[in-house]
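In case you want the letters, here they are:
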Amino acid sequence: MHREVTTTVRVELHSLTERKARLVEREYVAFQDAVHGDDDANLYSATKQQAGKVRSNKNPREDTEQPVVLRNDCITIEHDEDTVLSEWWFKLPVYNPEKEQGDSIWVPVHVPEKDTHLLDDEYIRDSELVKRDGEWYVHLVCKRSVAVVDEYDDVLAIDMGAKWIAVSTFLSDRDTQFHGAEVRRVREHYKQLRKSIGKAKVRLGAQVIERLGDKESRTVEHELHQIANELVARARERNAVIVFGDMTGLRFDNDEGRYVNDKIHKMPYAKMATILTYKAHLDGRECFPVDEYDTSMTCWRCGSQNTSREMQGRLECRECGLEDNADKNGASNIGKRAVGKDIQSPLSTVGAVVAQPETQVVLEGSSDELEPANSPEDVGLTLSEGSPRL
């Protein structure tokens with residue numbers, strides 16, 4: 001089984017001559033004009049087509065700058081150890097006003113050592129030229145096919161939430177870890193910082209806040225990569241498939257008031273899911289979303305929805321007496337749903353065939369068992385006749 005993996009490699013342009021620097025700047029400015037409605041902007045023809053697509057698809061605001069989209073058949077990156085100035089060179093398409101037509105320039109670039117194996121023309125897709133803090137970068141989008149295994153010994157289920165960006169639970173014994181305390185701390189820190197700056201510096205506050213937003217985004221993304229690495233390593237230890245709750249529509253389907261919305265709706269769930277899926281596939285491991293509907297309000301043990309959450313982080317079941325961490329309960333339901341289990345059926349009814357009749361996930365127990373919620377015996381999951389194939 002194969003999956004497509006997309007990686008973005010950021011290469012930095014350096015040591016540009018004055019002429020090349022002018023051409024790059026001119027192309028960038030002309031692209032902004034074209035994106036915002038100037039049909040007469042002089043651009044490399046393929047880049048002008050991309051500007052039209054950005055304008056029609058994104059309808060960007062006038063005060064925003066958009067990365068220059070570079071079509072993959074117009075760009076090339078090459079390695080040359082014999083060149084003193086740089087080992088890597090990038091062919092950048094630009095409009096040449098002297099020739100009054102499209103042209104290309106070769107510019108020296110820095111390439112991260114860890115990404116050099118990706119820079120094959122057959123992997124490179126449409127990429128982007130961006131400007132940040134006065135420096136030029138090309139975000140090379142590399143897509144390739146990787147093999148993932150199709151047989152697993154366990155399921156690592158992940159519930160995403162406002163307090164913890166990820167709570168991971170193994171379906172076999174409910175061994176649970178909580179991830180993302182640093183994400184929450186960083187977001188709260190920058191939220192308070194923006195609030196204080198906005199009050200103190202009315203005229204310059206907006207510019208400072210914008211710079212803070214960029215720094216916050218980079219810091220949070222670094223933490224998300226660390227969390228994804230932890231989750232993939234955790235799944236690797238038990239040869240587990242990774243499943244996570246699909247948060248699609250959360251921002252539109254829920255309105256819990258300004259304070260709760262700020263905590264929930266601004267958490268980077270989509271980015272977390274994208275990074276996790278990418279890293280899992282690179283590890284040769286399947287990772288996919290599962291419908292999260294009702295998983296947080298359903299008792300994972302007896303399937304009842306007669307539950308209460310008087311405390312946000314705690315779930316109590318009025319039917320079987322379960323008292324459990326709410327996120328852990330949700331992750332358990334996500335895991336059960338991933339193997340074909342109706343989460344609103346009693347635990348004792350399970351015997352879900354995952355792929356073949358001889359390969360089953362069997363949950364042993366009866367509906368009147370009331371062991372402590374954290375006990376592995378709650379689930380009693382056994383993998384019979386080999387490993388489950390999802």
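This is a predicted model, so every value here is computed, not measured. (Residues numbered from 1 in each chain as written. Predicted model: local features only at pLDDT ≥ 70, side-chain atom pairs only at ≥ 80, totals over all residues. Heavy atoms only, no water.)

**Looking at the sheet that holds strand β6 (residues 127-132)**
Piece 1. Read from one edge to the other, the open sheet built from seven strands follows the order β2-β6-β7-β1-β5-β4-β3, with strand pairing classed as antiparallel. If you trace the sheet from one side to the other, it starts and ends with β2 (68-70) and β3 (76-79), each paired once. On average, adjacent strands in this sheet sit at an angle of 40 degrees to one another, irrespective of strand direction.
Piece 2. As defined by bridge partners, strand β1 (residues 2-13) adjoins strand β7 (residues 135-147) across 11 bridges and the pair is classed as antiparallel. Looking across to β7, one finds that E12 is bridged to Y137.
Piece 3. Here helix α7 (residues 269-282) sits on the sheet in contact with β1 and β7, set at roughly 110 degrees to β1. (Pairing = 2+ DSSP bridges. Helix = DSSP H or I, 4+ residues; strand = E, 2+ residues; numbered from the N terminus. Axes fitted to C-alpha atoms, helices over the stretch in contact; angles between N-to-C directions. Contact = heavy atoms within 4.5 Å.)

**Focus on the sheet that holds strand β12 (residues 287-291)**
Two modes of strand pairing occur in sheets, parallel and antiparallel, and in both the strands are linked by backbone hydrogen bonds.
Piece 1. Taking strand neighbours across the sheet as the criterion, the five strands line up as β10-β9-β8-β11-β12 in an open arrangement whose pairing is mixed. This sheet does not close on itself; its edge strands, each paired only once, are β10 (176-179) and β12. Each neighbouring strand pair of the sheet contributes to a mean axis angle of 25 degrees, computed without reference to strand direction.
Piece 2. The sheet contact formed by strand β9 (residues 166-170) and β10 spans four bridges and is antiparallel. Its bridge partner lying in β10, A166 is registered against H179.
Piece 3. Across the sheet, α7 touches β8 (154-159), β11 (240-246) and β12, and the angle it forms with β11 is around 165 degrees.
Piece 4. Sheet contacts for helix α8 (residues 326-338): β8, β9, β10, β11 and β12; angle to β8, the most-contacted strand, approximately 130 degrees.

**Focus: helix α1 (residues 18-35)**
Piece 1. Here α1 spans 26 Å end to end across 18 residues, near enough to the 26 Å set by a 1.5 Å rise per residue.
Piece 2. Here α1 has its buried residues at K20, L23, V24, E27, Y28, A30, F31, Q32, A34 and V35.
Piece 3. Residues of α1 that are buried sit in contact with α2 (45-58), β2, β4 (88-96), β5 (101-110), β6 and β7.
Piece 4. Among the residues trailing α1, G37 stands out with phi positive, at a value near 110 degrees. (Expected span 1.5 Å × (residues − 1). Buried < 20%, exposed > 50% of the residue type's maximum accessible area, 1.4 Å probe, protein only.)

**Focus on a negative patch on the surface**
Piece 1. Judged by side-chain charge, E78, D80, E81, D82, E87, E113, D120, D121 and E122 come together as a negatively charged surface patch.
Piece 2. One can find E78 in strand β3. (Patch = residues over 30% accessible without salt bridge, like charges linked within 9 Å, V, L, I, M, F, W, Y side chains within 5 Å. Areas by Shrake-Rupley, 256 points an atom, 1.4 Å probe, with all protein chains shown as cover. Salt bridge = Lys/Arg side-chain N within 4 Å of Asp/Glu carboxyl O. Lys, Arg positive; Asp, Glu negative; His and termini not counted. Charge placed at Lys NZ, Arg CZ, Asp CG, Glu CD.)

**Details of the side chain of S304**
Piece 1. Structurally, S304 can be placed in the loop between β12 and β13 (307-308).
Piece 2. Beyond its immediate stretch of four places on either side in the chain, S304 contacts M297, T298, C299, C317 and E319.

**Notes on the environment of M160**
Piece 1. Relative to the helices and strands, M160 is located in the loop between β8 and β9.
Piece 2. Owing to a relative accessible area of 4%, M160 belongs among the buried residues under this scheme.
Piece 3. The spatial distance from the C-alpha of M160 to the C-alpha of G245 is 6.7 Å, given a sequence separation of 85 residues.
Piece 4. When near neighbours in sequence (up to four residues on either side) are disregarded, M160 contacts I165, F244, M247, Y269, M272, A273 and E292.

In short, the description is geometric, and any link to function would need to be established separately.
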